[in-house]
Amino acid sequence: MRRAPLPPWTVGVLGSAALLALWWAGAATFLRGIGSPGGGAPGAIPTPWQVLSQMGEDGFGFYWRNASVTLAEAGAGYAWGNALALALAFAVLLVPQAERLAVQLAVVTYCLPVVAIGPVIFIVLGPPRTGDPSGTAIALAALSVFFTTMVSALAGLKAADKACLDVVTVFGGRRIHQLLKVRLIAAVPSVFAALKIAAPAALLGAVLGEYVGGVDRGLGPAMVNAQQTLEVARVWGVALACAVLAGGTYALLGLASRIAAPWASGVRTGGL
């Protein structure tokens, strides 16, 4: 009798549970004293329970106050970076001669070191007002997503079925008609795959941008302040909050991609 396959989400749940168990066992045994300055001070690797206890003491307000700024920066950078990447990919299909230049531009944005370009962007954009998102964090979030989305979208647009493109040409269609009627539909799975990967990347770019962005609120400053005051469990709590936000955005876009392009994931929406 053939066994039914496990749902895809169970792999992630089991993997997370195994990782949590290893973390707990290590922090309670052989990793317990790592990074401890001595004198009974705690080590640099707390147990999951210590992290959760610290998060409970800090309260939802502490995390929301900081996460709301970081999410605003990541969201703005995500929108700008993906919009520019998709626009450039569409432009390449209409003007094929620009493909080499566009790919080189995308590679340059991918290779720029964040630690080097961040201070330069901060000098150009300046510090934000108190409580406002950082322009530097938004710019770094946009840079973090540009390469992946542009290359994936371009590959998806170029993967359109040649016979369908020929049909459009036979009926008098131009490149713009091929793009709108054939290539866009063919590129939907690739675009959504890129958007899924771009979501955690935008959050990471925003957090890194906060280190040099001059903000007084955000997950980045919260982590730096906890490091400076040697509140180890709070550092891990902020890092865990970042991981949860990144995983949540990835999962939401994964669900959106299954709805928008069910044929790409093998999901049947009805019919025979």
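What comes next concerns the included structure. (Residues numbered from 1 in each chain as written. Predicted model: local features only at pLDDT ≥ 70, side-chain atom pairs only at ≥ 80, totals over all residues. Heavy atoms only, no water.)

1. Observations concerning the nonpolar core
Ranked by internal contacts, the top residues of the largest apolar core, which has 26 residues, are Tyr78, Met150, Leu154, Leu157, Val191 and Ala202. Secondary structure elements with two or more residues in this core: α2 (48–94), α3 (99–111), α5 (135–158) and α7 (175–212). Ranked by residue count, the leading element in this core is α7, at 9 residues. Every residue in contact with Ala202, bar those within four places of it in the chain, is listed here: Ala74, Tyr78, Ala141 and Val145. Val207, Leu219, Ala226 and Cys242 belong to the second largest nonpolar core, which has 12 residues in total. (Core = buried A, V, L, I, M, F, W, Y, C linked by side-chain atoms within 4.5 Å. Buried < 20%, exposed > 50% of the residue type's maximum accessible area, 1.4 Å probe, protein only. Helix = DSSP H or I, 4+ residues; strand = E, 2+ residues; numbered from the N terminus. Contact = heavy atoms within 4.5 Å.)

2. Some thoughts on the packing of α7 against helix α9 (residues 232–260)
Relative placement of two packed helices is described by the angle separating their axes and the distance separating the axes. As a packed pair, α7 and α9 sit with axes 9 Å apart at the nearest point and diverge in direction by 165 degrees. The angle between α7 and α9 falls in the class roughly antiparallel. The two elements α7 and α9 cross, and the hand of that crossing is right-handed. On the side of α7, the interface is formed by Val188, Phe192, Leu195, Lys196, Ile197, Ala199, Pro200, Leu203 and Val207, while α9 contributes Cys242, Leu245, Ala246, Thr249, Tyr250, Leu253, Gly254, Ala256, Ser257 and Ala260. Per-class residue counts for the contact of α7 with α9 are 15 nonpolar, 3 polar and 1 charged. (Axes fitted to C-alpha atoms, helices over the stretch in contact; angles between N-to-C directions. Parallel < 35°, antiparallel > 145°, perpendicular 65-115°, else oblique. Left-handed = near helix turned anticlockwise from the far one by under 90°. Nonpolar A, V, L, I, M, F, W, Y, C, P; charged D, E, K, R; others polar.)

3. Quick notes on the pattern of salt bridges
Across all of its chains, the model carries 3 salt bridges by this definition. Where Arg234 meets Asp58, a salt bridge forms, and the shortest distance between an N and an O atom there is 2.6 Å. Of the two residues, Arg234 sits in helix α9 while Asp58 sits in helix α2, which places them 176 residues apart along the sequence. This pair shows no difference in class: Arg234 is buried, exactly as Asp58 is. Residue Arg234 is joined to Glu231 by a salt bridge in which the shortest nitrogen-to-oxygen separation is 2.9 Å. (Salt bridge = Lys/Arg side-chain N within 4 Å of Asp/Glu carboxyl O.)

4. Thoughts on helix α4 (residues 114–125)
Between its terminal C-alpha atoms α4 stretches 16 Å, which fits the 16 Å expected from 12 residues at 1.5 Å a residue. Immediately downstream of α4, the backbone of Gly126 shows phi near 80 degrees, a positive value. (Expected span 1.5 Å × (residues − 1).)

5. Regarding the environment of Val92
Note that Val92 resides in helix α2. Measuring from C-alpha to C-alpha, the distance between Val92 and Leu157 comes to 9.9 Å, with 65 residues separating the pair along the chain. Residue contacts for Val92: discarding those within four places in its chain leaves Ala98, Glu99, Ala102 and Leu154.

6. What about α9?
If you check α9, its first and last C-alpha atoms are 42 Å apart, about what 29 residues at 1.5 Å a residue would give, namely 42 Å. Within α9, burial applies to Ala233, Arg234, Val235, Gly237, Val238, Ala241, Cys242, Ala246, Gly254 and Ser257.

7. Thoughts on a nonpolar patch on the surface
Nonpolar side chains collect at one region of the surface, where Leu20, Trp24, Trp49 and Leu52 lie side by side and expose about 450 Å² of accessible area between them. Secondary-structure elements contributing two or more residues to the nonpolar patch are α1 (8–28) and α2. As for its placement among the helices and strands, Trp24 is situated in helix α1. With relative accessibility at 40%, the residue Trp24 sits in the partly exposed group. (Patch = residues over 30% accessible without salt bridge, like charges linked within 9 Å, V, L, I, M, F, W, Y side chains within 5 Å. Areas by Shrake-Rupley, 256 points an atom, 1.4 Å probe, with all protein chains shown as cover.)

No statement about biological role is implied by the geometric values presented.
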